[in-house]
Amino acid sequence: MNAPIIDPLQGDFPEVIEEYLEHGIMKCIAFNRRGTLLAAGCADGTCIIWDFETRGIAKELQDKDCNAAITSVCWSKYGHRILVSASDKSLILWDVLSGEKIARTTLEQTVLQARLHPGSSTPSLCLACPFSSAPMIVDIISGTTTVLPVLISEAGNGIAPNARSKTPDGSTTYSPSTACFNKFGDLVYTGNSKGEILIIDHEKVQVRALVPVSSGSIIRNIVFSRNGQYLLTNTNDRMIRIYENLLPMKDAHKVLDELHETLDEADEVEKLKAAGTKCLSLVQEFQDSINRIQWKAPCFSGDGEWVISGSASRGEHKIYIWDRAGHLVKILEGPKEALMDLAWHPVHPLIVSVSLTGLVYIWAKDYTENWSAFAPDFKELEENEEYVEREDEFDLMPETEKVKESDVNEDDPVDILNVEKDSAFSDSDMSQEELCFLPAIPCPEVPEQQEKCVGSSSKLPDGNQSESPLSVEAGQNGHAANNASSPLEAMENSVAGETEGTRLKRRRRPSEKGLELQAEKTKKPSKTMKPSAFATQYIVGDDSGWNTEVDYYAWLEGKTFYVGDVLVFSYVKTDHNVAMVDASGYNNCNADSNYGLYDTGYDTFTLTTPGDVYFICTKAGSLCTRGWSSNLLICFLFGFSSRCRAVFSYVKGDHNVAMVDVAGCNNCNADSNYGVYDTGYDVFTLTAPGDVYFICTYHCDYADQKLKVTVQPSP
Amino acid sequence: MANSGAPVQPPPPSPPKFKPYRHLKTLTGHSRAVSCVKFSNDGTLLASASLDKTLIIWSSSSLSQLHRLVGHSDGVSDLAWSSDSQYICSASDDRTLRIWSARPPFDCLKTLKGHAHAVFCVNFNPQSELIASGSFDETIRVWETKTGRCLNVIKAHSMPLTSVHFNRDGSLIVSGSHDGSCKIWDTQNGTLLKTLIDDKVPAVSFAKFSPNGKFILVATLNNTLKLWNYSTGKFLKIYLGHQNSSYCIMSTFSVTNGKYIVSGSEDHCVCIWDLQGKNMLQKLEGHKDTVICVTCHPTENKIASASLDNDRTVRVWVQER
């Protein structure tokens, strides 16, 4: 839809990681036909459906009987159903909209890859490629299976479909074979361990053509492009081959039947090979001739113009992009985590890759706003052009009258209703409505808090291991507190001589080392006093999130944090960030020496050891004109403190700070009090419980720049 | 590919002859100026928003009041229906947006906080999983309907925003502002794709995509409505004859029986133009103040209009049979 105004000079393939999705450990992914939803199979047997527009979770499909890792996910043609294969040998068919299971069957072997029949909108037939037996057609509702042939007998005594309806015994060894449907699902293309592509009519269970791959090595993957015109194979000789499909899209099996009648080779194998030459023709071969790397999860781009593949090397997240003419155009290099699965968005130049750690990375174009976006009359040029001016362009008295400004005839009818058919979906018959989006139901705001209550009420009083709630609360002065835009204090409370900051581990983007640590933790449950099942997730600031508008002392009130609890910082990525710091970093509002600065807009921290933890935002506050300083820092602390300090940091000259009594605060009068400070960084140590008031004498009257801090006695 | 200017189709069948609209009913219920009125996408409901801090949901068939949505602490400037007509999002001067259930029990499901100034305009994307809002703080915010999370803040204009609208597939957002420009944004990453400025023009008071997303209907505070081809940056049609120099009047396309442009006017009328011929076909009189908003029923030939403080009503108009 936005095609007419997208800059044509920018590349068509992704370049950088734009975002990543995190939920459990995702293993495999698939886009629906329009690319609006992304299904991801997880290690715990759930299937997550991501809304690709919002990058939020639209649905979770989980079968209570299945908690084994998912090996493949596949959408039905119009997106109403999802087929999931799991490592507990089961196949589950889901209805996406209702989230209900339609059918589940268990096979004798784990299915590595399952594909729904593409011809029907409510398919029950699927093609399953088990771990070490021949591919089979499974009717998932009735549970009947038909094993497809994978080898042609050398004897040449006609076609010898290998063991129909019979599971292979131990004597026959298969390496994992791979297969896929053609576009309309009347033929199955199988790659076998002898390096042959077999074209099978799955209704007749008969091999109809054979195409030998030149090297004869095991075929690992076989994939059609979306439009069905190209076929790709990935073989053990570290080569990706692209074939052009010579058969027509529709009724390909009939054409094959006719073809057979015209062939007169005596030998069946020869005949199949002859038929094969009429089916596929090799157009391109890709390899990395220097590193000779093995390929993983190759696929076509949505429009079939590009071919991508991951590197199968360990600890490497590399994606190679070729154009179909065979040129390597780009190698995308991600984090040092092995690549598990790969998909190109059906419409947009976006790649989605799954890493070993279970994160899903979204690769997109590094879009830069061009000048013509700002100035409507600008035209972007690819390179400099010599400008030839019009004959009279610089004349003082132009000879020709200026041509009429608008070359649009205002009387031409305009069409405000009709839409050009999207060429990417030329074959869509609109008889069946496509499921593109799951209804976005605003989840009510209350349950979140309820959940929290349940979490905290279920906590066991487990002695000194638990952390005390914060004993300092800072409230804003009376009327100021009612004003949503009242300045937030640049105030820190801190513990003097407190123990060093607690070690925390970040859950997002864990490195492989991070994962190990996590495993270690689960192995030693004794370390955590509270069962992890009771871990509570706190969204810092609740719905308001992490920003300068929230009174975090009020938020902390009444909350007790236990080891294993998770703190979520949700904020506008451009406005704020979050850093976990130690006590000195907290006092000095300095995130340098600490545990890294996060700015994704949604960061999660798990509390791992008892003690105090400090978080700060180091960004200059957007409320600088209203606050105490132009470099507002929000700080707050968790845990118990016997002494606390209030630190005021501000632009010297613009503000000052005076500690006053209640009358001084009400009258904005600092005379009778404890002195006015104006160094730009003033520290007050609060020694006794009670209320303390601070004002800025310049701004107290008319900007309400005052602050009340209530120091509570130690518990 | 895009045949922007010259149409290739044979001349369209002659449009049905325009039948004038007449007054059907006046809906009273608001105690202050009505700022916005919109039919739901399924046509069963009508919602109005007002400076009296409330919204009212009306049945569009019986035209009776079904429910009043109370919660905002300041006047409501705009409202939007989700595609499935289940939810209403309202934009208020109290700097928040609220998502309401438009079905019993008519709860307020979410309060979207983040804007630093009055929120002036709001719209759902066609899939209704996103909400875009424009504010006097000169930003567009994009929110996730489900969680109420703010996904993106676009520092869009140098003056307050007057309108935000998604195109047909939700890939683009158009924004209009008092700074006189109309900008088109990529929804996904918030990048600016195109700016439309007409030098001499003052504030853009309203901007909206055509139903097919190819054009933008732009109102400017010099009594002008224009149909703009944004990919070429050229005006296709200019509609004149109404008065609009101070308020952000919402206009719309009427497509149920012939193609018309409908807009309010500061001379207390509702104006209807022929889309192609640009000639004004009818001026509906009856309101006692500026008509600030008009909406067309999605399937029936029905128009609802809302008027400001001297009037405080919504009027419903139907085409004569």
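Residues numbered from 1 in each chain as written. Chains lettered and ligands numbered in written order. Predicted model: local features only at pLDDT ≥ 70, side-chain atom pairs only at ≥ 80, totals over all residues. Heavy atoms only, no water.

An unreviewed UniProt entry annotates chain B as WDR5-like beta-propeller domain-containing protein of Punica granatum.

An unreviewed UniProt entry annotates chain A as Phytocyanin domain-containing protein of Punica granatum. Note on chain A: under the UniProt heading Subcellular location (unreviewed entry), the record states "Nucleus". (UniProt positions renumbered as here; feature names shortened; annotations may be inferred.)

(A) Expanded view of the overall build of chain A. Tallying secondary structure elements over chain A gives ten helices and 43 strands in all. Relative to all contacts within chain A whose residues are 6 or more apart in sequence, the contacts with residues 24 or more apart total 60%. (Helix = DSSP H or I, 4+ residues; strand = E, 2+ residues; numbered from the N terminus. Contact = heavy atoms within 4.5 Å.)

(B) Seen up close, the overall build of chain B. Looking only at helices and strands, one finds zero helices and 28 strands in chain B. Long-range contacts, defined here as pairs at least 24 residues apart, represent 44% of the contacts in chain B between residues at least 6 apart. Looking at chain B as shown, the accessible area adds up to about 11200 Å², and 50% of this sits on carbon and sulfur atoms. (Areas by Shrake-Rupley, 256 points an atom, 1.4 Å probe, with all protein chains shown as cover.)

(C) Expanded view of a positive patch on the surface. All names here are of chain A. A surface patch of like charges, here positive, comprises R220, R238, R292 and K296. Mapped onto the secondary structure, K296 falls in strand β22 (residues 295-300). Owing to a relative accessible area of 30%, K296 belongs among the partly exposed residues under this scheme. (Patch = residues over 30% accessible without salt bridge, like charges linked within 9 Å, V, L, I, M, F, W, Y side chains within 5 Å. Salt bridge = Lys/Arg side-chain N within 4 Å of Asp/Glu carboxyl O. Lys, Arg positive; Asp, Glu negative; His and termini not counted. Charge placed at Lys NZ, Arg CZ, Asp CG, Glu CD. Buried < 20%, exposed > 50% of the residue type's maximum accessible area, 1.4 Å probe, protein only.)

(D) Fine view of the nonpolar core. In terms of nonpolar packing, the biggest core is built from 47 residues, with L46(B), I88(B) and L227(B) touching the most fellow members. If you look at the next biggest cluster of nonpolar residues, it comprises 22 residues, including V211(A), I222(A), L231(A) and Y243(A). (Core = buried A, V, L, I, M, F, W, Y, C linked by side-chain atoms within 4.5 Å.)

(E) Representation of the pairing of strand β25 (residues 280-284) of chain B within the structure. All names here are of chain B. Direction of pairing for strand β24 (residues 270-274) relative to β25: antiparallel, over a ladder of four bridges. Along β25, the bridge assignment pairs W273 with M280. Adjacent in sequence and paired antiparallel, β24 and β25 are bridged by five residues, among which K278 carries a positive phi angle near 65°. (Pairing = 2+ DSSP bridges.)

(F) A look at the pattern of salt bridges. Applying the stated criterion across every chain yields a total of 23 salt bridges over all chains. The salt bridge involving K101(A) is made with D65(A); its shortest N-O contact spans 3.9 Å. Within this pair, whereas K101(A) is found in strand β9 (residues 100-106), its partner D65(A) is found in the loop between β5 (56-61) and β6 (70-75), the two being separated by 36 residues in sequence. By relative accessible area, which is 43% here, D65(A) ends up partly exposed. R32(B) is paired through a salt bridge with D309(B); the nearest N and O atoms lie 2.9 Å apart. Taken as a pair, R32(B) in the loop between β1 (21-28) and β2 (34-39) and D309(B) in the loop between β27 (302-307) and β28 (313-319) lie far apart in primary sequence, 277 residues in all. In this structure R32(B) comes out as partly exposed when scored by relative accessible area, which is 33%. Look at D309(B) and you get partly exposed, because its relative accessible area is 25%. Through salt bridges that share partners, D63(A), D65(A), D88(A), K101(A) and R104(A) make up one connected network.

(G) Looking closely at the interface of chain B and chain A. At the junction of the two partners, chain B supplies 61 residues and chain A supplies 42 residues. Regarding the contact of chain B and chain A, the summed buried area is about 4900 Å², with carbon and sulfur atoms giving 56% of it. The interface formed by chain B and chain A contains zero salt bridges. Summed over the shared surface of chain B and chain A, the result is seven residue pairs in polar contact (both at pLDDT 80 or more). Every element with two or more residues in the side of chain B that touches chain A is listed here: β9 (108-113), β12 (139-144), β13 (150-155), β16 (181-186), β17 (192-197) and β21 (234-239) of chain B. (Buried area = accessible area lost by both parts, 1.4 Å probe. Polar contact = N/O pair within 3.5 Å; in protein donor to acceptor, adjacent residues only side chain to side chain.)

(H) Quick peek at the UniProt feature "repeat: WD" (unreviewed entry) in chain B. Residues and elements named next belong to chain B. Summarizing the sequence annotation, UniProt attributes the feature "repeat: WD" (unreviewed entry) to residues 27-68, 69-101, 112-153, 154-195, 197-238 and 257-283 in the numbering used throughout. Taken as a whole, residues 69-101 contains 0% helix and 61% strand, while its terminal C-alpha atoms sit 9 Å from one another. As annotated, residues 257-283 comprises 0% helix and 52% strand, and the C-alpha atoms at either end are separated by 17 Å.

(I) Inspection of a nonpolar patch on the surface at higher detail. Among the surface-exposed residues, W371(A), F374(A) and F378(A) lie close enough to one another that they form a single nonpolar patch of about 400 Å² accessible area. For F374(A), the position within the fold is in helix α3 (residues 371-374).

(J) Local environment of the UniProt feature "repeat: WD" (unreviewed entry) in chain A. Residues and elements named next belong to chain A. The residues that UniProt annotates with the feature "repeat: WD" (unreviewed entry) are residues 26-60 and 70-104. A helix fraction of 0% and a strand fraction of 63% characterise residues 26-60, whose end C-alpha atoms lie 12 Å from each other. In the segment residues 70-104, helix accounts for 0% and strand for 66%; the C-alpha atoms at its two ends are 14 Å apart.

(K) Structural context of the packing of aromatic side chains. Under the criterion given, the structure shown has 14 aromatic pairs over all chains. The ring of F52(A) is capped by R55(A), whose NZ or CZ atom sits 4.5 Å from the centre of that ring. (Phe/Tyr/Trp six-rings, centres within 6.5 Å; stacked < 30°, edge-to-face > 60°. Lys NZ or Arg CZ within 6 Å of the ring centre and 35° of its normal.)

(L) Quick look at helix α1 (residues 252-262) of chain A. Residues and elements named next belong to chain A. Here α1 has its buried residues at A252, L256, D257, L259 and H260. Looking straight down α1, one finds that the buried residues subtend no more than 160° of arc, so they occupy a single side. Facing away from the buried side of α1 by over 90 degrees, the exposed positions are E258, E261 and T262. Summarising the contacts, the buried residues of α1 are in contact with β15 (187-191), β16 (196-201), β17 (206-212) and α2 (268-277). (Arc of directions from axis to C-beta.)

(M) Inspection of the confidence of the model for chain B at higher detail. Residues and elements named next belong to chain B. Per-residue confidence for chain B gives a mean pLDDT of 90; residues scoring 70 or more make up 94%. Long-range and interchain partners of residues 1-7, a stretch whose pLDDT sits below 50, account for eight contacts in this model, where long-range means more than four residues apart. Scoring of the predicted complex yields 0.67 for pTM and 0.79 for ipTM. (pLDDT = per-residue confidence, 0-100.)

(N) Fine view of α2(A). Residue and element names in this part refer to chain A. Within α2, burial applies to V269, K271, L272, A274, A275 and G276. Where α2 is buried, its residues meet β17, α1 and β21 (280-286). N-capping of α2 is provided by D267, with a side-chain oxygen placed 3.3 Å from the backbone N of V269.

(O) Representation of the sheet that holds strand β4 (residues 47-51) of chain A in the model. Residues and elements named next belong to chain A. If you trace the four strands from one edge of the open sheet to the other, you get β2-β3-β4-β5, paired in antiparallel fashion. Across the chains shown, the open sheet's two edge strands, defined by having one partner strand only, are β2 (26-31) and β5. Taken over all neighbouring pairs, the strand axes of this sheet differ in orientation by 25° on average, direction set aside. As defined by bridge partners, strand β3 (residues 37-42) adjoins β4 across five bridges and the pair is classed as antiparallel. If you follow A40 over to β4, its bridge partner there is I48. (Axes fitted to C-alpha atoms, helices over the stretch in contact; angles between N-to-C directions.)

(P) The environment of L339(A), seen in detail. Residue and element names in this part refer to chain A. For L339, the location among the structural elements is in strand β26 (residues 339-344). We classify L339 as buried; its relative accessible area is 1%. Separated by 26 residues in the primary sequence, L339 and S313 have C-alpha atoms spaced 8.5 Å apart. Residues contacting L339, with those up to four places away along its chain left out, are K296, G310, S311, E316, H317, K318, I319, S353 and V354.

(Q) View of the pairing of strand β23 (residues 306-311) of chain A. All names here are of chain A. Extensive coverage of β23 is indicated by the burial of six of its six residues. When β22 meets β23, the two strands line up antiparallel, connected through four bridges. Within β23, the residue paired with C299 across the bridge is I308. Between β22 and β23, which pair antiparallel one after the other, the connecting turn spans five residues, and G304 there sits at a positive phi close to 75°.

(R) Quick peek at the environment of H655(A). All names here are of chain A. Checked against the element boundaries, H655 lands in the loop between β38 (644-649) and β39 (657-660). Judged by its relative accessible area of 7%, H655 is buried. Taking the C-alpha atoms as reference, H655 lies 9.3 Å from Y677; in sequence the two are 22 residues apart.

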